[in-house]
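Examining the three-dimensional arrangement
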Amino acid sequence: ETGVTQSPTHLIKTRGQQVTLRCSSQSGHNTVSWYQQALGQGPQFIFQYYREEENGRGNFPPRFSGLQFPNYSSELNVNALELDDSALYLCASKGDFGLTDTQYFGPGTRLTVL
Amino acid sequence: QKEVEQNSGPLSVPEGAIASLNCTYSDRGSQSFFWYRQYSGKSPELIMFIYSNGDKEDGRFTAQLNKASQYVSLLIRDSQPSDSATYLCAVKAGGGNKLTFGTGTQLKVEL
């Protein structure tokens with residue numbers, strides 16, 4: 001149990017639609033990162049938020065955007081969905097303190113784009 | 001060249017044997033190294049992390065790091081059928097929290 005929750009568990013959308021995925025981190029975890037994991041691949045870094053500001057981004061187009069809120073929740077928004085966006089979307093959180101920089105993943109949201 | 005490389009497997013070992021999983025990385029500035037286990041349909045679960053050259057042991061798991069060779073490995077002693085999963089190697093370089101993952105090695109522990 002990592003204390004990171006995600007919703008919904010599964011989602012089916014059609015090409016061109018927009019989707020919002022949600023994540024809730026542990027209290028005190030001010031860093032949240034989002035990853036996309038396509039079938040048979042390792043997770044790919046989308047972006048990272050720290051205290052409500054984006055402070056790192058991977059090779060994903062601007063139609064992938066996010067928000068982080070003061071209550072340790074965050075969102076991943078994807079506009080103009082494409083078939084290749086079908087994947088498991090993972091959020092990971094990390095606390096500000098401690099001796100390690102380990103990240104803990106939520107259970108993920110499985111997105112299918114038809 | 002991929003940033004983090006793993007043999008996709010499957011790696012099959014008999015129950016009770018030692019499973020050896022390997023990972024190489026290309027960024028010499030990498031500082032932190034992680035092994036995650038992922039069961040089919042589930043999210044990655046952290047098993048081990050290592051920062052310094054050498055071995056780090058935790059129960060049946062041992063992580064080994066050789067920064068000169070840009071190589072990190074995971075040994076699983078007394079392998080159990082419940083260890084059957086995909087093992088993901090992840091590397092963090094520099095500041096920030098971006099993890100770069102390999103594609104994972106599928107491990108099958110056979111009775």
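Keep in mind that this is a model prediction, so the values were computed, not measured.

Calculation criteria
- Residues numbered from 1 in each chain as written.
- Chains lettered and ligands numbered in written order.
- Predicted model: local features only at pLDDT ≥ 70, side-chain atom pairs only at ≥ 80, totals over all residues.
- Heavy atoms only, no water.
- Helix = DSSP H or I, 4+ residues; strand = E, 2+ residues; numbered from the N terminus.
- Rg over C-alpha atoms; globule rule 2.2 N^0.38 Å.
- Buried < 20%, exposed > 50% of the residue type's maximum accessible area, 1.4 Å probe, protein only.
- Contact = heavy atoms within 4.5 Å.
- Areas by Shrake-Rupley, 256 points an atom, 1.4 Å probe, with all protein chains shown as cover.
- Salt bridge = Lys/Arg side-chain N within 4 Å of Asp/Glu carboxyl O.
- Disulfide = S-S within 2.5 Å.
- Buried area = accessible area lost by both parts, 1.4 Å probe.
- Polar contact = N/O pair within 3.5 Å; in protein donor to acceptor, adjacent residues only side chain to side chain.

**Quick notes on the overall build of chain B**
- Of the regular secondary structure elements, chain B holds 0 helices and 11 strands.
- Rg of the C-alpha trace for chain B: 13 Å, near the compact-globule value of 13 Å for 111 residues, within the 12% margin.
- Looking at chain B as a whole, 42% of its 111 residues are labelled buried.
- By sequence separation, contacts in chain B at least 24 residues apart represent 54% of the contacts at least 6 residues apart.
- As displayed, chain B has an accessible area near 5300 Å², and 46% of this comes from carbon and sulfur atoms.

**Side note on the pattern of salt bridges**
- By the definition in use, this model includes 7 salt bridges over all chains.
- Taking the shortest distance from any N to any O, the salt bridge between R77(B) and E57(B) comes out at 3.5 Å. With R77(B) in the loop between β8 (71–76) and β9 (85–93) and E57(B) in strand β6 (residues 54–58), this residue pair connects regions lying 20 residues apart in the sequence.
- When its relative accessible area of 26% is taken as the criterion, R77(B) is described as partly exposed.
- Here E57(B) falls in the exposed class, since its relative accessible area comes to 59%.
- Each of the salt bridges in this network shares a partner with another, and the network as a whole consists of R63(A), E82(A) and D85(A).

**Topic: unusual backbone geometry**
- In this structure, the amide linkage connecting S7(A) to the following residue, P8(A), adopts the cis form with an omega of -10°.
- Considering the arrangement of structural elements, one finds P8(A) in the loop between β1 (5–7) and β2 (10–13).
- That bond from G9(B) to P10(B) is cis: its omega, 10°, falls within 30 degrees of zero.
- One can find P10(B) in the loop between β1 (4–5) and β2 (11–14).
- Non-glycine residue R51(A) carries a positive phi angle of around 45°.

**With respect to the state of the cysteines**
All names here are of chain B.
- Per the counting criterion, the structure on display carries 2 disulfides over all chains.
- Paired by a disulfide, C23 and C89 hold their sulfur atoms 2.1 Å apart. Measuring handedness by torsion sign, the sulfur bridge of C23 and C89 sits at about -70° and is left-handed. You can see C23 sitting in strand β3 (residues 19–25) and its partner C89 sitting in strand β9, a full 66 residues away along the chain.

**With respect to the interface of chain A and chain B**
- Taken residue by residue, the interface counts 22 residues in chain A and 19 residues in chain B.
- Summed over both partners, the interface of chain A with chain B buries about 1600 Å², with 55% contributed by carbon and sulfur atoms.
- Scanning the region where chain A abuts chain B turns up 0 salt bridges.
- The interface formed by chain A and chain B includes 4 residue pairs in polar contact (both at pLDDT 80 or more).
- Here the side of chain A that touches chain B takes 4 residues from strand β4 (residues 31–37) of chain A, the largest share from any one element.

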